[in-house]
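What follows is the residue order along each chain.
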Amino acid sequence: QLDPENTGFIGVETFASLVHSHELPLDPAKLDMLVALAQGNDEGQVCYQELVDLISSKRSSSFKRAIANGQRALPRDVLLDETGLGIYKRFVRYVAYEILPCEMDRRWYFYQHRTCPPPVFMAAVTLTQIIVFLCYGARLNKWVLQTYHPEYMKSPLVYHPGHRARAWRFLTYMFMHVGLEQLGFNALLQLMIGVPLEMVHGILRISFLYLAGVLAGSLTVSITDMRAPLVGGSGGVYALCSAHLANVVMNWAGMRCPYKLLRMVLALVCMSSEVGRAVWLRFSPPLPASGPQPSFMAHLAGAIVGISMGLTILRSYEESLQDQCGWWVLLLSYGTFLLFA
């Protein structure tokens with residue numbers, strides 16, 4: 001009735017009166033976004049298809065840009081002004097400010113976030129790593145630097161360049177750790193950084209990034225440190241951390257996480273210390289060992305994967321990767337590296 005010519009558009013004032021007269025149960029935040037979208041186009045009209053996309057929680061890059069253009073008309077400009085939130089919603093808001101650099105992205109994520117599916121990948125990986133460590137620790141009665149135990153390095157999960165034919169080892173080494181220090185460091189970073197990233201970007205993107213770092217780590221050891229075994233999930237952990245840190249640096253002005261400079265410095269110091277510790281154990285082990293100690297090259301390989309592929313994944317929130325030319329270039333480069341290694 002309001003669009004007799006079937007143009008797909010009606011005036012924003014007409015739409016506002018329609019919502020008021022029919023008392024439609026629409027989310028006020030979505031109505032704010034729709035009004036901002038209408039004010040962002042030339043004619044100031046509400047598009048029916050954009051209304052459908054908004055109600056069904058779909059968004060395109062053009063939709064995002066149009067909302068950003070009309071952002072000044074939004075009555076609540078800062079998500080931090082939201083009051084009366086429960087504990088979980090406050091945690092979701094905290095995650096939004098930790099991960100996303102744009103206020104509109106943060107608001108969109110906050111209002112569209114669903115508890116299902118939960119961030120199960122990083123939690124499952126961390127739990128499995130702890131269980132495997134406890135099992136080997138109880139079996140060998142040795143909880144620190146277990147690689148000095150010959151039986152530990154005979155595990156079918158440990159990767160060694162001499163066992164390349166056993167293809168599962170390229171990934172399963174991420175469940176083995178040389179001691180409480182390495183396990184604690186990796187588990188802490190996976191939960192503090194990996195879980196928020198998975199909540200925002202989804203299980204598929206984050207699991208792909210993590211496993212890409214793990215696989216790159218084992219293959220890098222195969223061609224650079226061919227005598228050394230490899231244990232630990234550092235390849236995946238450094239892929240996540242380096243991608244997140246690079247994203248923070250690239251969007252420094254837009255990030256609103258507190259004490260970001262101090263936290264950036266602490267993160268870099270901790271990661272550098274872990275790499276230095278791994279290098280020291282590789283070349284100057286404190287105790288005589290029967291063979292080479294685990295390699296540190298997985299740390300570096302994971303960091304490279306995170307800065308290249310990971311940065312593209314994290315910068316494309318709510319946008320399809322397959323539509324980006326840069327993503328295909330990086331994917332082709334990674335595939336070339338896999339074939340070479």
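The rules we used
Residues numbered from 1 in each chain as written. Predicted model: local features only at pLDDT ≥ 70, side-chain atom pairs only at ≥ 80, totals over all residues. Heavy atoms only, no water. Helix = DSSP H or I, 4+ residues; strand = E, 2+ residues; numbered from the N terminus. Buried < 20%, exposed > 50% of the residue type's maximum accessible area, 1.4 Å probe, protein only. Contact = heavy atoms within 4.5 Å. Areas by Shrake-Rupley, 256 points an atom, 1.4 Å probe, with all protein chains shown as cover. UniProt positions renumbered as here; feature names shortened; annotations may be inferred. Core = buried A, V, L, I, M, F, W, Y, C linked by side-chain atoms within 4.5 Å. Polar contact = N/O pair within 3.5 Å; in protein donor to acceptor, adjacent residues only side chain to side chain. Patch = residues over 30% accessible without salt bridge, like charges linked within 9 Å, V, L, I, M, F, W, Y side chains within 5 Å. Salt bridge = Lys/Arg side-chain N within 4 Å of Asp/Glu carboxyl O. Phe/Tyr/Trp six-rings, centres within 6.5 Å; stacked < 30°, edge-to-face > 60°. Lys NZ or Arg CZ within 6 Å of the ring centre and 35° of its normal. Axes fitted to C-alpha atoms, helices over the stretch in contact; angles between N-to-C directions. Parallel < 35°, antiparallel > 145°, perpendicular 65-115°, else oblique. Left-handed = near helix turned anticlockwise from the far one by under 90°. Nonpolar A, V, L, I, M, F, W, Y, C, P; charged D, E, K, R; others polar.

1. Re the overall build of the protein chain
For the protein chain, the helix and strand inventory stands at 15 helices and two strands. Residues classed as buried in the protein chain amount to 48% of the 341 residues present. Look at the contacts in the protein chain between residues 6 or more apart in sequence, and 73% of them connect residues 24 or more apart. Carbon and sulfur atoms form 65% of the exposed surface of the protein chain, whose accessible area is close to 17,300 Å².

2. Examining the UniProt feature "transmembrane region" (unreviewed entry) in the protein chain
Cross-referencing UniProt, the feature "transmembrane region" (unreviewed entry) maps to residues 120-139, 170-191, 203-223, 235-254, 261-283 and 295-313 in the present numbering. Structurally, residues 170-191 comprises 68% helix and 0% strand, and the distance from its first C-alpha atom to its last is 23 Å. With 100% helix and 0% strand, residues 261-283 has its two end C-alpha atoms placed 33 Å apart.

3. Quick look at the nonpolar core
Counting 82 residues, the largest nonpolar core has Tyr109, Tyr210 and Val305 as its most contacted members. Other than its neighbours up to four places away in sequence, Tyr109 contacts Val92, Val95, Ala96, Leu100, Met199, Val200 and Tyr317.

4. Some remarks on the environment of Thr126
Mapped onto the secondary structure, Thr126 falls in helix H7 (residues 120-140). On the accessibility criterion, Thr126 (3% relative accessible area) is buried. Separated by 2.8 Å, the side chain of Thr126 and the backbone oxygen of Met122 make a polar contact.

5. Let's talk about a nonpolar patch on the surface
A contiguous nonpolar surface patch, about 440 Å² in accessible area, is contributed by Val249, Trp252, Leu261, Val265 and Val269. With three residues, the top contributor of residues to the nonpolar patch is helix H13 (residues 260-283). Given a relative accessible area of 31%, Trp252 falls into the partly exposed group.

6. Some points on the side chain of Gln190
Along the chain, the position of Gln190 falls in helix H10 (residues 180-201). Once you skip the residues sitting within four places of it in the chain, Gln190 turns out to touch Met122, Val125, Thr126, Gln129, Val195, Tyr210 and Val237.

7. Let's talk about the packing of aromatic side chains
All told, the structure shown has six aromatic pairs when counted by the stated rule. On the basis of an interplanar angle of 45 degrees and a centroid distance of 6.3 Å, the ring pair of Tyr334 and Phe337 is categorised as tilted. Here Tyr334 and its partner Phe337 are both found in helix H15 (residues 325-340), three residues apart, which amounts to about one turn of the helix. Overall, the relative accessible area of 10% leaves Tyr334 in the buried class. Residue Phe337 is classed as partly exposed on the basis of its relative accessible area of 23%. Over the face of the ring belonging to Phe110 we find Lys89, whose NZ or CZ atom lies 4.2 Å from the ring centre. Its end group placed over the ring of Phe283, Arg282 keeps NZ or CZ at 5.3 Å from the ring centre.

8. Describing the side chain of Arg282
Take Arg282: it is sitting in helix H13. Apart from the residues within four sequence positions on either side, Arg282 is in contact with Asp225, Arg227, Ala228, Pro292, Gln293, Pro294, Ser295 and Phe296.

9. Remarks on the UniProt feature "active site" (unreviewed entry) in the protein chain
Taken from the UniProt record, the annotation "active site" (unreviewed entry) applies to Ser234 and His299. A stretch of 66 residues holds the annotated residues, and the largest C-alpha distance among them is 5.5 Å, short enough that they meet in one place. Position of Ser234 among the secondary structure elements: in helix H12 (residues 234-250). In this view, Ser234 contacts Gln182, Asn186 and His299; residues no more than four positions away in its chain are not counted. Of note, His299 is situated in helix H14 (residues 297-315). A relative accessible area of 3% means that His299 is categorised as buried. Setting aside residues no more than four positions away along its own chain, His299 makes contact with Ser234, Tyr238, Glu274, Val275 and Ala278.

10. As for unusual backbone geometry
Here Asn6, not a glycine, exhibits a phi torsion of approximately 55 degrees, which is positive. One can find Asn6 in the segment before strand E1 (9-11). Unusually for a residue other than glycine, Tyr259 sits at a positive phi of about 55 degrees. Topologically, Tyr259 is positioned in the loop between H12 and H13. For Tyr259, a relative accessible area of 67% translates into the label exposed.

11. A word on the packing of H7 against H10
Packing of H7 against H10 leaves a shortest axis separation of 8 Å and a crossing angle of 165 degrees. Accordingly, the angle class assigned to the pair H7 and H10 is roughly antiparallel. Where H7 crosses over H10, the two elements pack in a sense that is left-handed. Contacts between H7 and H10 involve Val120, Phe121, Met122, Val125, Thr126, Gln129, Ile130 and Phe133 from the former and Leu180, Leu183, Ala187, Gln190, Leu191, Gly194, Val195 and Glu198 from the latter. Here the residues of the contact of H7 with H10 sort into eleven nonpolar, four polar and one charged.

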